[in-house]
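Chain residues, written in single-letter form:
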Amino acid sequence: MAEKILMGEYKALSKEGWTNIELIDDNVFEWSVALIVLNEESPYSGGYFKARMTFPKNYPFSPPDFKFTRPIFHPNVYPDGRLCISILHPPGDDEMSGELASERWSPAQRVESVLISILSLLDDAEVSSPANVDAAVLWRKNKGTFDERARKDVAESKKDLPVGFVMPTQKDAFKTVKEDDFNMDVWGDSDAEVEDFGGSESDFDMDDMDDDDDDDDDDDDALDSGSAEEDEEDEK
């Protein structure tokens with residue numbers, strides 16, 4: 001089941017512009033992932049951050065592992081590239097950390113939700129429980145200096161850009177409707193179906209109503225005629 005789910009997710013994410021993914025050695029349980037930071041207000045804007053995702057055999061009941069392949073100076077990234085983020089922690093409440101089950105991994109989560117959460121974390125760090133204390137202190141006390149350090153990581157990340165790869169814009173990467181996906185033949189078929197039936201149901205209903213109105217008019221005329229005859233007999 002895990003292999004089928006992952007392949008479906010892989011095919012869907014392959015069409016997205018904000019990430020670039022590949023299977024490692026054609027293994028659906030091992031992904032090479034690149035997160036593309038397109039938020040212009042982020043200190044990591046323009047970054048192409050590669051990572052490795054490893055999925056357990058019982059996915060989606062257990063979370064994947066995520067690790068950046070290049071070091072990133074960030075409050076929630078360990079020096080070895082691993083992340084400190086709730087969505088990658090095993091399911092259930094954790095009394096030690098205070099994390100609720102709703103904040104942690106669940107079988108309802110998917111790779112897309114993980115990657116979007118990581119992008120959000122890069123933009124807005126959680127400094128209260130840092131993986132990199134030095135980065136958290138600099139983020140809080142001297143954001144300008146931190147941003148300069150982040151831009152160095154952005155420059156390093158671009159060394160991993162594939163040959164010929166064009167960085168997308170934020171507008172293009174997050175399009176929800178693509179022109180290529182719009183199939184005019186579907187509309188053509190639906191029009192043909194309407195023509196075959198010779199009109200909508202409402203057309204037939206209106207005809208029935210017109211016939212009913214004619215019958216009512218005939219009944220009214222008959223009543224009027226009968227009333228007139230009774231009046232003549234009374235006068236006699």
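Keep in mind the model is a prediction, meaning the values are calculated, not measured.

*Asks:* Which residues make up the overall build of the protein, and what values do they have?
*Replies:* When its secondary structure is counted, the protein shows 7 helices and 4 strands. The buried share of the protein, reckoned over its 236 residues, is 31%. Long-range pairs, those at least 24 residues apart, make up 56% of the contacts in the protein with a sequence separation of at least 6.

*Asks:* So what about the packing of helix α3 (residues 133–141) against helix α4 (residues 143–157)? Which residues, and what values?
*Replies:* It is the contact of α3 with α4, at a shortest axis distance of 6 Å, that shows an interaxial angle of 130 degrees. Classified by the angle between their axes, α3 and α4 sit oblique to one another. Contacts from Ala 135, Leu 138, Trp 139 and Lys 141 of α3 reach α4 at Lys 143, Thr 145 and Phe 146. Its residues assigned to classes, the contact of α3 with α4 shows 4 nonpolar, 1 polar and 2 charged.

*Asks:* Give me the pattern of salt bridges: which residues, what numbers.
*Replies:* On inspection of all chains with the given rule, the structure shows 7 salt bridges. Between Glu 156 and Lys 159 there is a salt bridge, with its nearest N and O atoms 3.0 Å apart. Salt bridges here are not isolated pairs; linked through shared partners, they connect Arg 70, Glu 156, Lys 159 and Asp 160.

*Asks:* Provide a residue-level description of empty space enclosed by the protein, including the pertinent values.
*Replies:* Under the counting rule described, the total for this entry stands at 1 cavity of 30 Å³ or more. Estimated volume of the largest cavity: approximately 70 Å³. Lining the largest cavity are Tyr 48, Phe 49, Lys 50, Phe 68, Thr 69, Arg 70, Pro 71, Ile 72, Asp 153, Glu 156, Ser 157 and Asp 160. Those elements that provide at least two residues to the lining of the largest cavity are β3 (48–54) and α4. Of the residues that constitute the lining of the largest cavity, the class distribution is 5 nonpolar, 2 polar and 5 charged.

*Asks:* Describe the packing of aromatic side chains, listing the residues and the values that go with them.
*Replies:* According to the stated counting rule, one finds 11 aromatic pairs in the structure shown. With a centroid separation of 5.3 Å and 80 degrees between ring planes, the pair formed by Phe 55 and Tyr 59 is classed as edge-to-face. With respect to burial, Phe 55 and Tyr 59 carry one shared label: buried. Taken together, the ring pairs in this structure connect Tyr 44, Phe 49, Phe 66, Phe 68, Phe 73, Trp 139 and Phe 146 into an aromatic cluster. Lying over the aromatic face of Tyr 78, Arg 82 brings its terminal NZ or CZ to 4.6 Å of the ring centre. Over the ring of Phe 73 we find Arg 149; its NZ or CZ atom is 3.9 Å from the centre of that ring.

*Asks:* Pulling in residues and values, what's your account of the UniProt feature "active site" (unreviewed entry) in the protein?
*Replies:* As recorded in UniProt, the sites labelled "active site" (unreviewed entry) are Cys 84. Residue placement: Cys 84 occurs in the loop between β4 (65–68) and α2 (111–123). Ignoring anything within four residues of it in the chain, the contact list for Cys 84 reads Asn 76, Tyr 78, Leu 121, Ser 129 and Ala 131.

*Asks:* Tell me about the pairing of strand β2 (residues 27–36), residues and numbers included.
*Replies:* Burial of β2 is extensive: 9 of the 10 residues sit out of reach of the surface. Connecting strand β1 (residues 19–24) to the antiparallel partner β2 that follows it, the hairpin turn spans 2 residues, and Asp 25 within it adopts a positive phi of roughly 55 degrees. Relative to β3, β2 is paired through 7 bridges, and the arrangement is antiparallel. Counted as the bridge partner of Trp 31 is Met 53 from β3.

*Asks:* I'd like a description of the layout of surface pockets, backed by residues and values.
*Replies:* For the second largest pocket, the calculated volume is near 160 Å³. Every residue lining the second largest pocket is listed: Pro 64, Asp 65, Phe 66, Lys 67, Arg 82, Leu 83, Leu 88, His 89 and Pro 90. Residues that form the lining of the second largest pocket fall into these classes: 5 nonpolar, 1 polar and 3 charged.

Scoring rules and cut-offs
- Residues numbered from 1 in each chain as written.
- Predicted model: local features only at pLDDT ≥ 70, side-chain atom pairs only at ≥ 80, totals over all residues.
- Heavy atoms only, no water.
- Helix = DSSP H or I, 4+ residues; strand = E, 2+ residues; numbered from the N terminus.
- Buried < 20%, exposed > 50% of the residue type's maximum accessible area, 1.4 Å probe, protein only.
- Contact = heavy atoms within 4.5 Å.
- Axes fitted to C-alpha atoms, helices over the stretch in contact; angles between N-to-C directions.
- Parallel < 35°, antiparallel > 145°, perpendicular 65-115°, else oblique.
- Nonpolar A, V, L, I, M, F, W, Y, C, P; charged D, E, K, R; others polar.
- Salt bridge = Lys/Arg side-chain N within 4 Å of Asp/Glu carboxyl O.
- 1 Å grid on protein atoms, 1.4 Å probe; cavity = no way out; pocket = protein on both sides within 12 Å on 5 of 7 lines; lining within 4 Å.
- Points joined across faces, edges and corners; volume = space filled by probe spheres on them.
- Phe/Tyr/Trp six-rings, centres within 6.5 Å; stacked < 30°, edge-to-face > 60°.
- Lys NZ or Arg CZ within 6 Å of the ring centre and 35° of its normal.
- UniProt positions renumbered as here; feature names shortened; annotations may be inferred.
- Pairing = 2+ DSSP bridges.

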